[in-house]
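Coordinate analysis (summary)
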Amino acid sequence: MAYVDGFVVPVPKANKEAYLKMAREAAAIFRDHGALQLVECWGDDVPEGKLTSFPMAVQCKADEVVVFSWILWPSKAVRDTGLKQAMEDPRMNMDMSKMPFDGKRMIFGGFEQVVDA
């Protein structure tokens, strides 16, 4: 089955276009290195929880939106190779100080797909 890298990140509302531009550029790089799909979802119904929630997990501020995204890979082996290659790709040499979000509050992880219904 496929392998998924998942991400949750707070993005300032004012940075939406800059974030989407960066995401499109990154998607092309990941696809060039084996990813099947990259999906970005801009939160519009993401409630604050009492015990836990997406906004709480990323310490979302009033002027930010939670973005939920994932990269779909054909397998973990392709992901491991492709991710390494993507990170070494010269197009990924982005100035981290100019990123349109706070990467310190990003949540991410790799997931083995176990159901595809």
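Reference entry: report on the structure contained in this document. (Residues numbered from 1 in each chain as written. Predicted model: local features only at pLDDT ≥ 70, side-chain atom pairs only at ≥ 80, totals over all residues. Heavy atoms only, no water.)

We now examine the sheet that holds strand E3 (residues 64–73). What the four strands build is an open sheet, ordered E2-E3-E1-E4; its pairing is antiparallel. A strand with exactly one partner marks an edge of an open sheet, and here the two such strands are strand E2 (37–42) and strand E4 (107–112). Here the strands of the sheet are splayed against their neighbours by 15° on average, with no regard to which way each runs. Here strand E1 (residues 3–12) runs beside E3; their pairing, made up of ten bridges, is antiparallel. (Pairing = 2+ DSSP bridges. Helix = DSSP H or I, 4+ residues; strand = E, 2+ residues; numbered from the N terminus. Axes fitted to C-alpha atoms, helices over the stretch in contact; angles between N-to-C directions.)

Here we take up the nonpolar core. Counting residues in each nonpolar core, the largest one holds nine residues, listed as Tyr3, Ala26, Ile29, Phe30, Ala35, Ile71, Trp73, Ala86 and Met92. Those elements that provide at least two residues to this core are helix H1 (16–32) and E3. It is H1 that provides the largest number of residues to this core, a total of three residues. Sequence-distant contacts of Trp73, that is, excluding residues within four places in its chain, are made with Ala2, Tyr3, Asp5, Phe30, His33, Gly34, Ala35, Leu36, Val78, Arg79, Gly82 and Leu83. Membership of the second largest hydrophobic core comes to eight residues, among which are Val9, Val11, Met22 and Phe101. (Core = buried A, V, L, I, M, F, W, Y, C linked by side-chain atoms within 4.5 Å. Buried < 20%, exposed > 50% of the residue type's maximum accessible area, 1.4 Å probe, protein only. Contact = heavy atoms within 4.5 Å.)

This part is about helix H3 (residues 76–88). In a regular helix each residue adds 1.5 Å, so 13 residues correspond to 18 Å; H3 covers 18 Å between its end C-alpha atoms and thus fits that length. In this structure, the buried residues of H3 make contact with E1, H1, E3 and E4. (Expected span 1.5 Å × (residues − 1).)

Turning to the side chain of Asp5, a few remarks are in order. Structurally, the position occupied by Asp5 is in strand E1. Judged by relative accessible area, which is 4%, Asp5 ranks as buried. For Asp5, the side chain forms a polar contact with the side chain of Trp73, separated by 3.0 Å. A polar side-chain atom of Asp5 sits 2.8 Å from a polar atom in the side chain of Arg79. Sequence-distant contacts of Asp5, defined by excluding residues within four places in its chain, comprise Ser69, Trp70, Ile71, Trp73, Arg79, Leu83, Gly109 and Gly110. (Polar contact = N/O pair within 3.5 Å; in protein donor to acceptor, adjacent residues only side chain to side chain.)

Throughout the structure, instances matching the rule amount to four aromatic pairs. With a centroid separation of 6.2 Å and 90° between ring planes, the pair formed by Phe30 and Trp73 is classed as edge-to-face. Taken as a pair, Phe30 in helix H1 and Trp73 in strand E3 lie far apart in primary sequence, 43 residues in all. Overall, Trp73 belongs to the buried group, its relative accessible area being 0%. Between Phe54 and Phe68, the aromatic rings sit 5.9 Å apart at their centres with planes inclined by 45°, giving tilted as the arrangement. Here the residue Phe54 occupies a position in helix H2 (residues 54–57), and Phe68 occupies one in strand E3, the gap between them amounting to 14 residues. For Phe68, a relative accessible area of 38% puts it in the partly exposed group. One aromatic cluster is present, formed by Phe54, Phe68 and Trp70 through successive ring pairs. (Phe/Tyr/Trp six-rings, centres within 6.5 Å; stacked < 30°, edge-to-face > 60°.)

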